[in-house]
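Each chain is listed here by its residues.
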Amino acid sequence: LKITSYDTPILRSVIGWKQRDRLPLMVDLNEKDDELLVHAVHVESTATANNASTTSNTSNNKIAQTPLVLLHGYMNASAYFYRNLLGLTRFYRSIYSLDLLGWGLSSRPDFNQLKDTSVESSEEFFVESLEAWRIQNKIDKMILAGHSMGGYLSVAYCEKYPQNVERLILLSPVGVNDKNSQNFKDREARINSSYRSWAMFGIFRAAFVSTTPAAVLRAMPESRAYNLALGYVQRRLPEIEGVDEQTAVSNYLFQSNTLPGSGEYALSRILESTVTARRPLQFRIPKLEVPNVSFLYGSHDWMDISGGTTTQALCRTAGDAAPKIQVHVVNEAGHLLMLQNWRAVNAGLILCGGGEISDEERKELTTLDATAGNDADDD
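### Describing the overall build of the chain
A count of helical and extended segments in the chain gives 14 helices and nine strands. Counting all 379 residues of the chain, 55% fall into the buried class. When contacts within the chain are restricted to residue pairs at least 6 apart in sequence, those whose partners lie at least 24 apart make up 76%. With an accessible surface of roughly 17000 Å², the chain has 51% of that area assigned to carbon and sulfur atoms.

### Topic: the sheet that holds strand S7 (residues 292–298)
Pairing is mixed across the open sheet formed by nine strands, whose spatial order is S1-S2-S4-S3-S5-S6-S7-S8-S9. A single partner strand is all that each edge strand has here, and the edge strands are strand S1 (2–11) and strand S9 (365–368). Adjacent strand axes in the sheet meet at a mean angle of 25°, parallel and antiparallel pairs treated alike. By the bridge criterion, four bridges tie strand S8 (residues 324–330) to S9 in an arrangement that is antiparallel. Among the inter-strand pairings, Val330 is bridged to a residue of S9, identified as Leu365. Sitting on the sheet, helix H3 (residues 119–136) touches S1, strand S2 (35–44), strand S3 (68–71), strand S4 (94–98) and strand S5 (142–147), and the angle it makes with S1 is about 115°. Contacting S3, S5 and strand S6 (165–171), helix H4 (residues 149–160) crosses the sheet at an angle of about 140° to S5.

### Looking at the side chain of Asp178
The residue Asp178 is located in the loop between S6 and helix H5 (182–191) in this model. Judged by its relative accessible area of 14%, Asp178 is buried. Polar side-chain contacts of Asp178 include one of 3.0 Å to the backbone nitrogen of Asn180. When sequence neighbours within four positions are dropped, the list of residues in contact with Asp178 reads Phe184, Pro280, Gln282 and Phe283.

### Section: helix H8 (residues 222–236)
Taking 1.5 Å per residue, 15 residues should reach 21 Å; H8 reaches 21 Å between its end C-alpha atoms and fits that length. When we look at burial in H8, the residues that qualify are Ala225, Ala229, Gly231 and Val233. In this structure, the buried residues of H8 make contact with helix H7 (213–219) and helix H9 (243–258).

### Some details on the side chain of Arg83
For Arg83, the location among the structural elements is in the loop between S3 and helix H2 (85–88). In this structure Arg83 comes out as buried when scored by relative accessible area, which is 16%. Within the local environment of Arg83, its side chain forms a polar contact with the side chain of Glu245, the two groups lying 3.0 Å apart. Separated by 2.8 Å, the side chain of Arg83 and the backbone oxygen of Leu339 make a polar contact. Apart from the residues within four sequence positions on either side, Arg83 is in contact with Glu239, Ile240, Glu245, Met338, Leu339, Trp342 and Asn346.

### Examining the environment of Glu131
With respect to the element layout, Glu131 can be found in helix H3. With sequence-adjacent residues up to four places away left out, Glu131 is seen in contact with Tyr157, Tyr161 and Asn164.

### Here's the deal with a nonpolar patch on the surface
A surface patch of nonpolar side chains, about 310 Å² in accessible area, is lined by Leu1, Ile3 and Leu86. Considering the arrangement of structural elements, one finds Ile3 in strand S1. On the basis of relative accessible area, Ile3 is assigned to the exposed category, the value being 55%.

### Notes on the packing of aromatic side chains
As enumerated under the stated definition, the model contains ten aromatic pairs in all. Ring centres of Tyr74 and Trp103 lie 5.1 Å apart, and the angle between their planes is 75°; on these two criteria the pair is classed as edge-to-face. You can see Tyr74 sitting in the loop between S3 and H2 and its partner Trp103 sitting in the loop between S4 and H3, a full 29 residues away along the chain. Comparing Tyr74 with Trp103, the two get one shared label, buried. Taking 5.7 Å as the distance between ring centres and 85° as the angle between the ring planes, the aromatic pair formed by Tyr226 and Phe254 counts as edge-to-face.

### Some points on the pairing of S8
Along S8, five of the seven residues are buried, which leaves the element largely enclosed by surrounding structure. For S7 and S8, the ladder comprises seven bridges, and the chain directions are parallel. Residue Phe295 lies in a different strand from S8, and its bridge partner there is Val327. As a crossover connection, the stretch from S7 through helix H11 (residues 306–318) into S8 is right-handed.

### Remarks on the confidence of the model for the chain
Per-residue confidence for the chain gives a mean pLDDT of 89; residues scoring 70 or more make up 87%. Of the regions scoring below 50 in pLDDT, residues 21–31 engages in 18 contacts with residues more than four places distant in sequence or in other chains. Considering only residues more than four positions removed or in separate chains, one finds that residues 52–60, a stretch of pLDDT under 50, has 19 contacts.

### Focus on the packing of H8 against H9
The description of two packed helices rests on the angle between their axes and on the distance between the axes. In the contact formed by H8 and H9, the axes pass within 9 Å of each other and the chain directions differ by 125°. Our classification of the angle between H8 and H9 gives oblique. The interaxial crossing formed by H8 with H9 has right-handed handedness. On the side of H8, the interface is formed by Glu222, Ala225, Tyr226, Ala229, Leu230, Tyr232, Val233 and Gln234, while H9 contributes Gln246, Thr247, Val249, Ser250, Asn251, Leu253 and Phe254. Here the residues of the contact of H8 with H9 are counted per class, giving nine nonpolar, five polar and one charged.

Quick notes on the rules
- Residues numbered from 1 in each chain as written.
- Predicted model: local features only at pLDDT ≥ 70, side-chain atom pairs only at ≥ 80, totals over all residues.
- Heavy atoms only, no water.
- Helix = DSSP H or I, 4+ residues; strand = E, 2+ residues; numbered from the N terminus.
- Buried < 20%, exposed > 50% of the residue type's maximum accessible area, 1.4 Å probe, protein only.
- Contact = heavy atoms within 4.5 Å.
- Areas by Shrake-Rupley, 256 points an atom, 1.4 Å probe, with all protein chains shown as cover.
- Pairing = 2+ DSSP bridges.
- Axes fitted to C-alpha atoms, helices over the stretch in contact; angles between N-to-C directions.
- Polar contact = N/O pair within 3.5 Å; in protein donor to acceptor, adjacent residues only side chain to side chain.
- Expected span 1.5 Å × (residues − 1).
- Patch = residues over 30% accessible without salt bridge, like charges linked within 9 Å, V, L, I, M, F, W, Y side chains within 5 Å.
- Salt bridge = Lys/Arg side-chain N within 4 Å of Asp/Glu carboxyl O.
- Phe/Tyr/Trp six-rings, centres within 6.5 Å; stacked < 30°, edge-to-face > 60°.
- Right-handed = clockwise from strand over helix to strand, strands pointing away.
- pLDDT = per-residue confidence, 0-100.
- Parallel < 35°, antiparallel > 145°, perpendicular 65-115°, else oblique.
- Left-handed = near helix turned anticlockwise from the far one by under 90°.
- Nonpolar A, V, L, I, M, F, W, Y, C, P; charged D, E, K, R; others polar.

If you want it as C-alpha cells, here you go:
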C-alpha cells in the first residue's frame, strides 16, 4: 500500500466572493494570494494497480479502476475514515479522503466573504472547490461517497457535474426529508408536548442561526473544550475502546474544531433550525443524471432512514431517467457508522460501488425497499 497526505492548490477565483478585486482573509498567510489548498489522504493499493484484470466494470470480484472519493460530515475531517481506508483497498485500487474546503487541514477562507448568504452560494463554495481539486488531480471519473453533510454536498456536486461521477453513495446524509415526513411530524409533536421541551428547543433554534457548535467550543477555556470533546467520543463512540485510540480521536476532534471557523458557517445557510434542508434532497436526487445512488444508514441512526426509501419511491415514479436507488442499513451502528461498525460499512461501500461481498458480510446489512414496505433480501 502507498499512503500519502498532501495538499492540492486550487485557484481562489473558483469561489464566488463579494468583491472579486478584494481577496478574503486567510488563516495561512504563507499561501499564495491567488490560491487555496485542499488537503487529502490518498491510499493506493500498489498490488491491484499492477493487476491487468482490473476494469471500470466492477463486478465478479474485479478491482474497481474508478477511484473512491470520500467526503466527511459536519465538524469532521478526512481522518474520520481512518478505520475504513486500508480495508477498502481489497476492492478500490485508489481511495481519496478529503478535507473539504474550510475544514480540517484545508484552507479556511472567511465564509462571510461569499457573494451572498444563499443556499446556492454556500453549496458552490464546496462544489466548485471539489471540482477544482478533481481537475488538478486529473481524476476523470470517481465513485463519490459522502457522510452526513458530505452526503448532502455530494448531491449538490452531482447536480452540476454528473459526468464526473460513476456512482454516488450517501452515508447517513443530512437534509433528505422535507417537513412532511412522519419523523419530522413526530419530533415536532414531542417538542410541543411540554413547555420545557418547547423552551429548550427554542433556545436551540436561536443559537442555531447565531453561532456554531465549534464557535461555542472555541469560546471555552481550552481544558474544558478538550474534556468536552473527550466526553463526546467516550459517550457517542463506545466502540472505540482503547485509551490511546480514544485520545487520538478526541485530539483530532478538538484540534479540527478549534482552528478558526470557515466551512462550519454553511450550517444555518443550508439547513433550517429544524435540521431540515432548505432544499431537501428527496426532490433533487430523482433529477440527477448519475445512474446509481445508494444510501447507507446505521441501525440506530438519528437521521431519518425513511429519507432513503422515500427517495427510492420518488425515483421509481419518475421513470427510467431517474437514478436506480439502493437503501441499506448497517447493523449495530448509528450516525457515525464508519467508526461504529467499520467492517460492515466497508462491505456496504464495496457493494454499492459495484463489487461483491461475502454471505457473512451481507448479514451485517439489511436492504430496504420502498415498494415492499419492509426488508428486502438481495439473496
